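# Understanding the architecture of this molecule
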Amino acid sequence: MNTDKNEQKVCPICGKTYTEVPPLSRKDNTILICPDCGTREAL
Ligand SMILES: [Zn+2]
């Protein structure tokens with residue numbers, strides 16, 4: 001079985017790599033950011 005759930009992505013904001021499913025940025029719904037930045041934007 002092959003899934004892409006653990007595909008590494010790079011956050012465009014902080015440049016950090018992450019494998020979690022990211023939340024959509026609240027500033028721009030077209031970019032994917034890491035969970036850390038998602039939490040930061042939610043504050
Ligand atoms: Zn980030």
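Residues numbered from 1 in each chain as written. Predicted model: local features only at pLDDT ≥ 70, side-chain atom pairs only at ≥ 80, totals over all residues.

When helices and strands are tallied, the protein chain shows 1 helix and 2 strands. Helices and strands appear in the protein chain in the N-to-C order β-β-α. Here the protein chain, with 43 residues, has 7% of them falling under the buried criterion. For the protein chain, the share of sequence-separated contacts (at least 6 apart) that also reach a separation of at least 24 residues comes to 5%. (Helix = DSSP H or I, 4+ residues; strand = E, 2+ residues; numbered from the N terminus. Buried ≥ 20, exposed ≤ 12 C-beta atoms within 10 Å, placed from the backbone. Contact = placed C-beta atoms within 7 Å.)

With that settled, the discussion passes to the environment of L32. Relative to the assigned elements, L32 resides in the loop between β2 (17–18) and α1 (35–42). With 18 C-beta atoms packed within 10 Å, L32 lands in the partly exposed category. Separated by 22 residues in sequence, L32 and V10 have C-alpha atoms that sit 8.8 Å apart.

For the protein chain, per-residue confidence averages 76 on the pLDDT scale, and 63% of positions sit at 70 or higher. Of all secondary-structure elements in the protein chain, the lowest mean pLDDT belongs to α1, at 84, while β2 reaches the highest, 90. (pLDDT = per-residue confidence, 0-100.)

Before going further, it helps to examine the environment of D36. Its location among the elements puts D36 in helix α1. On the neighbour-count criterion, D36 (15 C-beta atoms within 10 Å) is partly exposed. Taking C-alpha positions, D36 is 9.5 Å from C11, a pair spaced 25 residues apart along the chain.

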